[in-house]
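# Geometric and topological summary
Residues per chain, in single letters:
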Amino acid sequence: MTAATEFFLLGFQSNQNLRLSLFCIFLVIYCGTICGNLLIITLVSTSKNLQTPMYFFISQLSISDILVITDVVPNLLYLLLNNGGTITFSDCITQLYFLCAPEVFECFLLTVMSYDRYVAICNPLRYSIIMTSGHCVILTITCWLLGFSAVLIYIIKMAKLIFCGPHVIDHLFCDIVPLLDLSCSDTFIIHLEIYLLTIPFVLFPTAMIFLSYTYIVLAILKISSNTGSLKAFSTCSSHLIVVVIFYWSLFCVYVVPTKGQTVTIGKIAMLATKRV
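Conventions we followed
- Residues numbered from 1 in each chain as written.
- Predicted model: local features only at pLDDT ≥ 70, side-chain atom pairs only at ≥ 80, totals over all residues.
- Heavy atoms only, no water.
- UniProt positions renumbered as here; feature names shortened; annotations may be inferred.
- Salt bridge = Lys/Arg side-chain N within 4 Å of Asp/Glu carboxyl O.
- Buried < 20%, exposed > 50% of the residue type's maximum accessible area, 1.4 Å probe, protein only.
- Helix = DSSP H or I, 4+ residues; strand = E, 2+ residues; numbered from the N terminus.
- Core = buried A, V, L, I, M, F, W, Y, C linked by side-chain atoms within 4.5 Å.
- Contact = heavy atoms within 4.5 Å.
- Disulfide = S-S within 2.5 Å.
- Pairing = 2+ DSSP bridges.
- Axes fitted to C-alpha atoms, helices over the stretch in contact; angles between N-to-C directions.
- Phe/Tyr/Trp six-rings, centres within 6.5 Å; stacked < 30°, edge-to-face > 60°.

- Within an unreviewed UniProt entry, the label attached to the protein reads Olfactory receptor, and the organism entered is Eleutherodactylus coqui.
- Under the UniProt heading Sequence similarities (unreviewed entry), the entry covering the protein gives this text: "Belongs to the G-protein coupled receptor 1 family."
- Of the comments in the UniProt record for the protein, the one headed Subcellular location (unreviewed entry) reads "Cell membrane".

What follows is the structure in structure tokens.
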């Protein structure tokens, strides 16, 4: 058994015309996503009307989106042009790291955003005292540190795995599941750690979001006027939509069994979770 030095990513194995069409589609999506997120970051940074905690958090989500899509799409475009391609083991592990860390960060940041909405609706008189700019920065930095430090635990374990071959990944990018499937090492411990760390890094944020919105709904129901209720709910709707899309996409890809899916559908579904 020898340590793997590189892998071959298959990407989309199809005819050249289809791959060129996909190349153009993903290139347009990539450029549009980058420009859109940069526009959000610029507007939030320069417009005084948008310098509120919620918009600040949204700008951080935009940074996370840029990290994820830049980690995945440029290499995907290369795979489409060349009908697959090699990636070194170190680059594969690096791609995996910068793929997973922002996602864990988003789990925590969405929790912070739900707390922000909770304070705004359930304790509006103290909102400006609790959600100060300094507190928002501290909370955001904490989310970033938790995201990158938590994933580092997985990455160190993954880097020590032995891959006997063939070193072919039938996927669009380096992800945890395809790499574990290729390894000839005992991956039981890594699988166990993934499930155990899911509790503090996924289930706990999910529970906090659910709890926050439970109190928010109860507070909205106490508002006598329909106008006030709609206004209160509208302040949460955008965040709630992001939460539902984020967790539903993760659930569909990582929890729902893939048996019966075609390989292409599985790849597209996985790509959808990366906001591509």
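### Some thoughts on the pattern of salt bridges
- Per the stated rule, a full pass over the model turns up one salt bridge.
- Between Asp116 and Arg117 there is a salt bridge, with the nearest N and O atoms lying 2.8 Å from each other.
- Judged by relative accessible area, Asp116 falls into the buried class, the value being 0%.

### Digging into the UniProt feature "transmembrane region" (unreviewed entry) in the protein
- Taking the UniProt record as the reference, the feature "transmembrane region" (unreviewed entry) is found at residues 20–44, 56–81, 93–115, 136–156, 194–221 and 233–256.
- Between the first and last C-alpha atoms of residues 93–115 the distance is 34 Å; the span itself is 100% helix and 0% strand.
- The span residues 194–221 is 100% helix and 0% strand, and its two end C-alpha atoms sit 39 Å from each other.

### Observations concerning the nonpolar core
- Of all hydrophobic cores here, the largest spans 57 residues; its most connected members are Phe7, Leu110, Met158 and Leu179.
- Going through the elements one at a time, strand 1 (6–9), helix 2 (53–82), helix 3 (89–122), helix 5 (133–159), helix 6 (176–182), helix 7 (188–221) and helix 8 (226–254) are the ones with two or more residues in this core.
- The biggest single contributor to this core is helix 3, with 17 residues.
- The contacts of Met158, once residues within four sequence positions are left out, are Phe89, Ile93, Leu96, Phe163, Ile176, Leu179, Leu180 and Ile190.

### Description of the state of the cysteines
- Considering all chains together, one arrives at one disulfide under this definition.
- The thiol sulfur of Cys35 is not disulfide-bonded, and the nearest other cysteine sulfur, from Cys31, lies at 6.4 Å.

### Some points on the sheet that holds strand 3 (residues 168–169)
- Across the sheet, three strands lie side by side as 2-1-3; this open sheet has mixed pairing. The open sheet has two edge strands with one neighbour each: strand 2 (85–88) and strand 3.
- Bridge analysis of strand 1 against strand 2 gives four bridges, and the strand direction is antiparallel. Across the sheet, residue Phe8 finds its bridge partner in strand 2, namely Thr86.
- Packing against the sheet, helix 3 makes contact with strand 1, strand 2 and strand 3, and its axis sits at approximately 85 degrees to strand 2.

### Considerations on the packing of aromatic side chains
- Applying the stated criterion to the full structure yields twelve aromatic pairs.
- Between the aromatic rings of Tyr97 and Phe148, the centroid separation amounts to 5.6 Å while the plane-to-plane angle is 75 degrees, which identifies the pairing as edge-to-face. On the criterion of sequence distance, the pair formed by Tyr97 in helix 3 and Phe148 in helix 5 is long-range, its members being 51 residues apart.
- Ring geometry for Phe98 and Phe148: centres 6.0 Å apart, planes at 65 degrees, overall edge-to-face. Highlighted residues: Phe98 in helix 3 and Phe148 in helix 5, separated in sequence by 50 residues.

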